[in-house]
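The chain contents come next:
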Amino acid sequence: MFQYVVRRTLGSIPTLFVLAAITFFMMRVAPGDPFSGNRRLTPEVLANLRRAFNLDLPLWEQFWRYIWGVLHFDFGPSIKNRDYSVSELIGIGFPTSLEVGMWAMLVAAIIGIALGIAGALRRNTSVDYSVGAIAMVGLAIPIFVIGPVAQSYFGLHLRWLPISGWGDSWTYRILPVLTLALPNIAYISRLMRGSMIEIMRTNYVRTARAKGLGERRTILRHALKGALLPVVAYLGPATAITITGSIVVEQIFSIPGIGRYFVDAAINRDYPLVMGVTLFYGSIVIFANLLTDIVRGLLDPKVSYE
Amino acid sequence: MMLANYSARMTISGMILAAIVALAQPAAAESVLTRGMGSTIGTLDPQINFLAYEGFILDDIYEGLVSPDPAGEPVPGAAETWDISDDGLTYTFHLRDGLKWSNGDPLVAQDFVNGVIRTLDPATASDKGYIFTSTISVVGAAAFNGGESTDPASVGVSAPDDKTVVIQLEKPAPYALYILNSFYFPPLHKPSFEAFGGDFIKPENIVTNGAYHLIENVPQSHVTLVKSPTYWGADSVKIDKVIYQITEDDNTAVKLFKAGEQDITYDIPSDQIEALTAEFGDQVHVTSSTETNYLSFNITKPPFDDIRVRQALAMALDRDAIINKVVKGGYVLNCGYVIPVPNYPQPQQADCAMPKDERVAKAQELYAEAGFGPDNVLALSIESSNNDAYKKIAETAAVMWKQTLGVEAKVNAQDRDSWLAAFNDGNWQVFNDNLVGDFAGPETFLAYMDPRAEAGYGWQSPEYEAAYDKAMSTEDQAERYKLLAEAERALLDTYLVIPLSSSPSRALVNSRVSGWVDNPAGWHSTKYMSVQ
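Residues numbered from 1 in each chain as written. Chains lettered and ligands numbered in written order. Predicted model: local features only at pLDDT ≥ 70, side-chain atom pairs only at ≥ 80, totals over all residues. Heavy atoms only, no water.

Caption draft 1: Region of the structure containing the overall build of chain B. When helices and strands are counted, chain B shows 16 helices and 18 strands. Relative to the compact-globule value of 24 Å for 532 residues, chain B shows a C-alpha radius of gyration of 26 Å, a close match. Taken over the C-alpha atoms alone, chain B extends approximately 85 × 75 × 40 Å along its principal axes. Burial analysis of chain B (532 residues in total) assigns 57% to the buried set. (Helix = DSSP H or I, 4+ residues; strand = E, 2+ residues; numbered from the N terminus. Rg over C-alpha atoms; globule rule 2.2 N^0.38 Å. Buried < 20%, exposed > 50% of the residue type's maximum accessible area, 1.4 Å probe, protein only.)

Below, the structure is given as structure tokens:
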């Protein structure tokens, strides 16, 4: 397995390089540059700004300089947030996004899987219909509606939880985590229910039952493992997305994460920041996929690391 | 149950309060003000920062030679008095006695000179360089900023002694006092800059000269300032601590305001103004900002080189309906190019006050005269930013042109950078335009439209230039404003632009805060405020 991890990690280097190249040249196709926002700037001022950020060099040279910097773990300065480098911005914001995202995924996985199993085992009963209704609500109502409504009710009306912000208290975590978890709970429960129903009909489950194994043991020992496979496949990439921050949730709840950089950097033409968050996200996705594949191997004997 | 619970809580909190009071006596309770900030802080570097909302913080922690009063008018700041030479080219500022930096170092005239030099230094790469090379033309500033001269002494800002700052201008700029404040003219504490480089504004390193001092800056979260004991006017500063909360979502800010957790919000969502006014009355503040909105024609491209086409299109618009019925949100209908400024006799575009029928008939007549009609339909595209208010303006104008004249107008809504890039390309036809003034005076707007400034409109007007030049050498404000109004009249009469509105600046201000005065430039120094 160690060999497998090393091979996959090395294999991700060309992927990241291609990602960097595509992002770098594509973002330059967008009209404007980081300094086109102020219409009064004189040519001298513009020239000074472009020079300071190496934007006056030929594009190829800028690219190679960037790659050279990345190889030395220098992701450059942020053009719009000049008090910080790209590494600092990600370094300061990521732990917060990670914390919110991990909790949200954990809550979503536990509740989603439990609801899915309950729905599958009590098919076409009121339990199943309730689970279906929860899933429908979670998928149909967007988080930019759920967030503000939860904020108004629990924060402003009942005063149980803080409206927004980020502090040491765990109370700040509840609303954003639940808001972020809800759509995932919905999706995971549907996924789990479907695969559970399918698994319960397979031959090996029937064999287990025929051999006189109790219902509890059949489900926990045999069915669950197989039924989890599609959920695990979903969890990998979904976790990668969630822990890199949700711009909607972070803005609504004023959470100091990195989610907004994905959008703001592109709108502001903050080239180094666009590159930084893209490469960072790319690496997380690659890592999450690797983890997913390892877990799948543990769950499914048919998967091998060769 | 509710009641019992409530009184139990009261008793406990009462006991805690009593304990705190007993411990803290005789010190009075600390007064804290919380202010909203629409976006995270990109930079607090006083010579680099260029965003108005960061300017709030800079205005609290730094002080320029002059300082805006609660209404935004310049009053003595670090300088107690000043003299302006008769030709309007030399400004001599006399600093107050005993000025200090927050670390106790004496604040001297050279610190202000260093601030300007650093702003202009090409290595600093500051947006604000243009203030000294173009808004007020300081002698030698352009050459120094452009790298043609590397000698700081060649720039016309000097300190003949520790208490005197002399500024020399290439041409008169009678509005210069509006520029020499904390936002454009902050001093530089050179020892800390030399020791820490770009990190000199980090909370652990920063040295300031304003009424407040920065103690905390958490990106995306908050910035905390405390009252500075070394500030010359510290005795009259009433609020001990200011917390700037970063609330990017205006709806969240409104909830914080309602809960009493944010005293002053950064903005108000435009669709909530009415409801909030009904609920909070005069705690809702909506006033004109220094942003003017207008549609521009590319007169270098036919058929917009024909004034009849431009006039017809202007007259086909019901500007009152666009601004007051569609855009709303505090936008103020404005038929002049310059934002509404007190004492400025603002000219209006002629058709703006015409009765509707007459205006429409005239528009159709001019449209036909220019050779357009059902057989020869005018097709055009409007370049617009994708900001909500802008999109509404462009889309409504397109509909009105279609209804009144049969014009086929297409709206290109795009992000801000693409929109401005379209303008710079010069291939646009109608541009959904705006301009944010450097200060709240007609000079800044008319300097931008000066044909010689070549902002990209490609228009000519000797009349405008003559009136503008004469105004710039007139010290008396009333006389100068009259001349500037003549220049603006020339601009409006060519129908190069269709002025529409001035953008609002909006805020919820808790009634426990006093000292807040609405003003277009958006100056709201915490040092003038107090809380109950």
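Next, the rest of the story.
Caption draft 2: Up close: the nonpolar core. In terms of nonpolar packing, the biggest core is built from 180 residues, with Phe93, Ile136, Ile167, Leu313, Tyr337, Trp401 and Met449 of chain B touching the most fellow members. Counting residues per element, this core draws most heavily on helix α12 (residues 388–405) of chain B, which supplies 9 residues. In this view, phenylalanine 93 of chain B contacts Leu65, Val66, Ala79, Thr81, Trp82, Lys163, Thr164, Val165, Ile167, Leu177 and Leu180 of chain B; residues no more than four positions away in its chain are not counted. Of all hydrophobic cores here, the second largest spans 40 residues; its members include Ala104, Val205, Ala227 and Ala238 of chain A. (Core = buried A, V, L, I, M, F, W, Y, C linked by side-chain atoms within 4.5 Å. Contact = heavy atoms within 4.5 Å.)

Caption draft 3: Here's a closer look at the pattern of salt bridges. Residues and elements named next belong to chain A. A complete count under the given rule lists 25 salt bridges over all chains for this structure. A salt bridge links arginine 193 to aspartate 128; the shortest N-O distance between them is 2.7 Å. Of this pair, arginine 193 sits in helix α7 (residues 171–200) while aspartate 128 is found in helix α5 (residues 126–140), placing the two residues 65 residues apart along the sequence. The buried category is assigned to aspartate 128, whose relative accessible area is 4%. (Salt bridge = Lys/Arg side-chain N within 4 Å of Asp/Glu carboxyl O.)

Caption draft 4: Region of interest: unusual backbone geometry. Put simply, proline 302 of chain B and proline 303 of chain B share a cis peptide bond, and its omega is 0°. Its location among the elements puts proline 303 of chain B in the loop between β11 (284–297) and α9 (307–315). One non-glycine residue, asparagine 54 of chain A, lies in the positive phi region at around 65°. If you trace the backbone, asparagine 54 of chain A turns up in the loop between α2 (43–52) and α3 (59–71). For asparagine 54 of chain A, a relative accessible area of 31% puts it in the partly exposed group. You will see that lysine 328 of chain B, though not glycine, has its phi angle at about 45°, which is positive. In this structure, lysine 328 of chain B sits in the loop between α10 (319–327) and β12 (332–333). Its relative accessible area of 41% is what places lysine 328 of chain B among the partly exposed residues.

Caption draft 5: View of the interface of chain B and chain A. Counting from both sides, the interface comprises 53 residues of chain B and, opposite them, 41 residues of chain A. For the chain B face of the interface with chain A, the top three residues by lost area are Gln220, Lys255 and Asp417 of chain B, together amounting to 19%. For the interface between chain B and chain A, the tally reads 3 salt bridges. At the boundary of chain B and chain A, one finds 19 residue pairs in polar contact (both at pLDDT 80 or more). Among the residues forming the side of chain B that touches chain A, the class breakdown is 22 nonpolar, 19 polar and 12 charged. (Buried area = accessible area lost by both parts, 1.4 Å probe. Polar contact = N/O pair within 3.5 Å; in protein donor to acceptor, adjacent residues only side chain to side chain. Nonpolar A, V, L, I, M, F, W, Y, C, P; charged D, E, K, R; others polar.)

Caption draft 6: Up close: the domain arrangement of chain B. Residue and element names in this part refer to chain B. What the domain assignment lists for chain B is domain 1 (33–232 + 509–531) and domain 2 (291–504). Inter-centroid distance (C-alpha atoms) of domain 1 to domain 2 is 34 Å. Contacts between domain 1 and domain 2 engage 11 residues on the former and 12 residues on the latter. Between domain 1 and domain 2 lies a buried interface of about 1000 Å² when both sides are counted; carbon and sulfur atoms form 63% of it. Interface area lost by domain 1 to domain 2 is led by Pro174, Tyr175 and Tyr178, which between them contribute 50%. (Domains from an automatic or database assignment.)

Caption draft 7: Main features of the state of the cysteines. All names here are of chain B. Summed over all chains, the structure comprises 1 disulfide over all chains. Sulfur-sulfur distance for the disulfide between cysteine 335 and cysteine 352 comes to 1.7 Å. Disulfide cysteine 335-cysteine 352: torsion about the S-S bond near -45°, hence left-handed. A residue pair is termed long-range when its members are at least 10 positions apart, and cysteine 335 in the loop between β12 and α11 (356–369) and cysteine 352 in the loop between β12 and α11 qualify at 17 residues. Residue cysteine 335 is classed as buried on the basis of its relative accessible area of 6%. When its relative accessible area of 23% is taken as the criterion, cysteine 352 is described as partly exposed. (Disulfide = S-S within 2.5 Å.)

Caption draft 8: Structural detail: the domain arrangement of chain A. Residues and elements named next belong to chain A. Splitting chain A by domain gives domain 1 (2–71) and domain 2 (87–299). Summarising the inter-unit geometry, the C-alpha centres of domain 1 and domain 2 are found 32 Å apart. The interface of domain 1 with domain 2 comprises 21 residues on the first partner and 16 residues on the second. Contact with domain 2 buries area across many residues of domain 1, yet Arg8, Met27 and Tyr66 alone supply 31% of it, more than any other trio. Connecting domain 1 to domain 2 are 1 salt bridge. For arginine 8, the salt bridge identified is with aspartate 293, shortest N-O distance 2.7 Å. Our count for the domain 1 to domain 2 interface comes out at 3 residue pairs in polar contact (both at pLDDT 80 or more).

Caption draft 9: Region of the structure containing the layout of surface pockets. Estimates place the volume of the second largest pocket at around 1000 Å³. Lining the second largest pocket are 38 residues, with Arg40 and Thr42 of chain A together with Ser134, Ala447 and Ala453 of chain B sitting closest to its centre. Counting residues per element, the ones that place at least two in the lining of the second largest pocket are α2 of chain A together with α4 (129–135), α13 (416–425), α14 (442–449) and α15 (462–472) of chain B. The element best represented in the lining of the second largest pocket is α2 of chain A, accounting for 4 residues. For the lining of the second largest pocket, a count of residues per class yields 17 nonpolar, 11 polar and 10 charged. (1 Å grid on protein atoms, 1.4 Å probe; cavity = no way out; pocket = protein on both sides within 12 Å on 5 of 7 lines; lining within 4 Å. Points joined across faces, edges and corners; volume = space filled by probe spheres on them.)

Caption draft 10: Summary view of helix α4 (residues 86–121) of chain A. Taking 1.5 Å as the rise per residue, α4 of chain A with 36 residues should run 52 Å; its terminal C-alpha atoms sit 49 Å apart, in good agreement. Of all the bends in α4 of chain A, the greatest reaches close to 35° and is centred on glycine 93 of chain A; the proline proline 95 of chain A follows between one and four positions later. (Expected span 1.5 Å × (residues − 1). Bend = angle between axes of the 7 residues up to and from the residue.)

Caption draft 11: Just the environment of asparagine 54 of chain A, in detail. The spacing of asparagine 54 of chain A and arginine 65 of chain A is 11 residues in sequence and 9.3 Å in space, taken between C-alpha atoms. Ignoring sequence-local partners within four residues, the contact set of asparagine 54 of chain A consists of Gln62 and Arg65 of chain A.

Caption draft 12: The arrangement of the side chain of lysine 202 of chain B in detail. Residue position: lysine 202 of chain B is located in the loop between α6 (190–196) and β8 (212–218). For lysine 202 of chain B, the side chain forms a polar contact with the main-chain oxygen of aspartate 83 of chain A, separated by 3.4 Å. Contacts of lysine 202 of chain B, omitting those with residues within four sequence positions, involve Asp83 and Glu88 of chain A.

Caption draft 13: Inspection of the packing of aromatic side chains at higher detail. According to the stated counting rule, one finds 41 aromatic pairs over all chains in the structure shown. Judged by centre distance (6.4 Å) and plane angle (40°), the rings of phenylalanine 24 of chain A and tyrosine 66 of chain A are tilted. Here the residue phenylalanine 24 of chain A occupies a position in helix α1 (residues 2–27), and tyrosine 66 of chain A occupies one in helix α3, the gap between them amounting to 42 residues. Plain terms: the ring middles of phenylalanine 257 of chain B and phenylalanine 280 of chain B are 5.2 Å apart, the flat faces sit at 75° to each other, and that makes the pair edge-to-face. Here phenylalanine 257 of chain B, found in helix α7 (residues 250–258), pairs with phenylalanine 280 of chain B, found in helix α8 (residues 273–280); they are 23 residues apart in sequence, far enough to count as distant. (Phe/Tyr/Trp six-rings, centres within 6.5 Å; stacked < 30°, edge-to-face > 60°.)

Caption draft 14: Here's a closer look at the packing of α7 of chain A against helix α9 (residues 215–243) of chain A. All names here are of chain A. Packing of α7 against α9 brings their axes to within 9 Å, and their N-to-C directions diverge by 140°. With respect to α9, the element α7 is oriented oblique. Crossing angle aside, the handedness with which α7 passes α9 is right-handed. Classifying every residue of the contact of α7 with α9 by side-chain character gives 18 nonpolar, 4 polar and 1 charged. (Axes fitted to C-alpha atoms, helices over the stretch in contact; angles between N-to-C directions. Parallel < 35°, antiparallel > 145°, perpendicular 65-115°, else oblique. Left-handed = near helix turned anticlockwise from the far one by under 90°.)

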